[in-house]
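A closer look at the structure
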Amino acid sequence: MDKLNLIRLFLTVVDRGSFAAAAAVQGLSPSTVSKAIARLEEDLRLLLFHRTTRQLTLTVAGQNYAKTVRQLVSELDQCEKDLGRQNDSPSGRLRVNVPVSYGRRYVVPMLSGFRERYPDIELDVRFDDSYVDMIEQGIDVSIRSGTLAESGLIARQLSPVDFLICGSPAYLGATRTIAATDFGRHPWVRFRFQQTGRVLPVMVPGDEESLMLDPGRQFVVDDGEALAELCAAGAGLTQVPHFIARDWLAGGQIVPVAPAYRPPGFGVWVVYPEREYLPQKIRVFIEWLEKYVGGQGESAYHTWAENLGVS
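Scope of this entry: the structure provided in the associated data block. Along each chain, numbering runs from 1 in the same order as the chain's sequence is written. Only residues with pLDDT of 70 or above have their local features reported here, since the model is predicted, and side-chain atom pairs are shown and tallied only from 80 upward, although totals for entire chains, interfaces and linings are computed over all residues. As a convention, hydrogens and water are excluded, and side-chain values are obtained from all of the structure's heavy atoms.

Structural notes on the overall build of the protein
Only DSSP runs of H or I with at least four residues qualify as helices, and only runs of E with at least two residues qualify as strands; both kinds are numbered from the N terminus onward. Broken down by element type, the protein carries ten helices and 14 strands. Only the C-alpha atoms count toward the radius of gyration. The rule for a globule is 2.2 Å times the residue count to the power 0.38. For the protein, whose C-alpha radius of gyration is 25 Å, the value lies well above the compact-globule estimate of 19 Å for 311 residues. When the backbone C-alpha atoms are referred to their principal axes, the protein occupies close to 85 × 45 × 35 Å. The burial tally for the protein puts 41% of its 311 residues in the buried class. Here the analysis covers contacts within the protein between residues at least 6 apart in sequence; of these, 74% occur between residues at least 24 apart. Carbon and sulfur atoms form 49% of the exposed surface of the protein, whose accessible area is close to 16600 Å². For the purpose of charge, His is not counted, nor are the chain termini; Lys and Arg are scored as positive and Asp and Glu as negative. One atom stands in for each charge, and that atom is NZ of Lys, CZ of Arg, CG of Asp or CD of Glu. One finds the centroid of the 33 positive side-chain charges in the protein at a distance of 4 Å from the centroid of its 37 negative side-chain charges. Relative accessibility thresholds used throughout: buried, under 20% of the residue-type maximum; exposed, over 50%; partly exposed, between the two (1.4 Å probe, protein chains only). Contacts are assigned to residue pairs with any non-hydrogen atoms lying within 4.5 Å of each other. Only the protein chains shown count as covering a residue, and every accessible area follows the Shrake-Rupley method with a 1.4 Å probe.

This is how it looks when you write it as structure tokens:
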């Protein structure tokens, strides 16, 4: 193994925290990794790791070496990418993770056109409402809705999220407006997060911030489309994000009973790993996605739902 590969393997051990974990990433045996690091230490005449049966930790020399070689390897990698980009075109496998409902209604309709425009990009689209570790799972682009936690990722907002409280025409009858004080008199279809089991509160505007209400939960589901479907079937009221409500409203199967409400911090985001230079396949996908969302009457600060009236 040459010196550069030894250095890369050393950094993998540093990042993964053990010979076994680094071996799994590199497709090697732990003993092979251990021997390779020993050869690097012998070549440097430095002890890079303190080894015990329970823990592997960097020595002071190891910490300094890791800091220096990481910068060198990063600069080398970037140099190679920059040179490759001179004759690069959007190509290769693009792994995209999307929420189920948003993916079906906003992403799937744009994929055929994107594929025709960029035939050398192989799309691998995964539908999942759960939080996905992009780095661990090798995801290039992720779309997330709701609030966004701090991370080392880059996020660009595609749109806010406007929530709509709706009922079916058959359920509502002549009633088309319902005050928040009357919510408790109606059955509700509520959403439960799969990962946490938490039921999403009904959100309405307060004097200074959102009010989180729990007017009832006669139906609890963990699928966004099921919210609108049960509502359309007359099961009661529900609160759905605009991107789920859109087609159901357009078809007249559900109607809003209160103006759309936009909780602070809620949005739809396209997220990707922090890189100074994005691969062309990621760049063109994000541009195509933003263009498509714009065609739906939405932008980073607006949605079609914000001016939706209540009849």
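Some remarks on the nonpolar core
Ranked by internal contacts, the top residues of the largest apolar core, which has 48 residues, are Tyr102, Ile143, Phe285 and Leu289. In contact with Tyr102, other than residues within four places in its own chain, are Val107, Ile143, Leu158, Phe243, Val268 and Val293. By convention a nonpolar core is built from buried Ala, Val, Leu, Ile, Met, Phe, Trp, Tyr and Cys residues, the set being connected through side-chain atoms within 4.5 Å. Residues Ile37, Leu40, Leu48 and Tyr65 belong to the second largest nonpolar core, which totals 19 residues.

Focus: the sheet that holds strand S8 (residues 188-191)
Strand pairing in a sheet relies on backbone hydrogen bonds, with the paired strands running either antiparallel or parallel. Here we have five strands laid out as an open sheet, ordered S11-S8-S12-S7-S13, and mixed in their pairing. The sheet terminates laterally at strand S11 (219-221) and strand S13 (255-256), the two strands that pair on one side only. For two strands to be treated as a pair, DSSP must find at least two bridges joining them. Here S8 runs beside strand S12 (residues 237-241); their pairing, made up of two bridges, is parallel. By the bridge assignment, Trp188 is partnered in S12 with Leu237. Running at roughly 175° to S8, helix H8 (residues 224-232) makes contact with strand S7 (163-167), S8, S11 and S12 of the sheet. Most of the contacts of helix H9 (residues 242-250) go to S12, to which it runs at about 115°, and overall it touches S7, S12 and S13. To get an axis, fit a line to the C-alpha atoms, keeping to the stretch in contact for a helix; angles then go from 0 to 180 degrees between the N-to-C directions.

Description of the environment of Cys166
As for its position among the elements, Cys166 is in strand S7. On the basis of relative accessible area, Cys166 is assigned to the buried category, the value being 0%. Sequence separation of Cys166 and Gln280 is 114 residues, and the distance between their C-alpha atoms is 41 Å. Apart from the residues within four sequence positions on either side, Cys166 is in contact with Cys231, Gly236, Leu237, Thr238, Val240, Leu249, Ile254, Val255, Pro256 and Val257.

Notes on the pattern of salt bridges
Salt bridges, as used here, are contacts in which a Lys or Arg side-chain nitrogen is within 4 Å of a carboxyl oxygen on Asp or Glu. Applying the stated criterion across every chain yields a total of 15 salt bridges. For Arg70, the salt bridge goes to Asp15, with nearest N and O atoms at 2.8 Å. Residue Arg70 is located in helix H4 (residues 60-85), and its partner Asp15 is located in helix H1 (residues 3-16); the two are separated by 55 residues in the primary sequence. On the basis of relative accessibility, which here comes to 34%, the residue Arg70 falls in the partly exposed class. Two residues, Arg246 and Asp247, come together in a salt bridge whose shortest N-O distance is 3.1 Å. Judged by relative accessible area, which is 16%, Arg246 ranks as buried. The exposure class of Asp247 is partly exposed, given its relative accessible area of 35%.

Observations regarding the side chain of Thr12
Among the structural elements, Thr12 can be located in helix H1. Thr12 has contacts with Ala22, Val25 and Gln26, leaving out every residue within four places of it along the chain.

Looking at helix H5 (residues 100-117)
Its 18 residues place the ends of H5 24 Å apart at the C-alpha level, agreeing with the 26 Å of an ideal helix rising 1.5 Å per residue. Of all bends in H5, the biggest is about 45°, found at Val107, and the proline Pro109 comes one to four residues later. Val100, Ser101, Tyr102, Gly103, Arg105, Tyr106, Val107, Met110, Leu111 and Phe114 are the residues of H5 that are buried. To estimate the expected span of a helix, subtract one from its residue number and multiply by 1.5 Å. We define the bend at any residue as the angle between the axes fitted to the seven residues before and including it, ending there, and the seven starting there.

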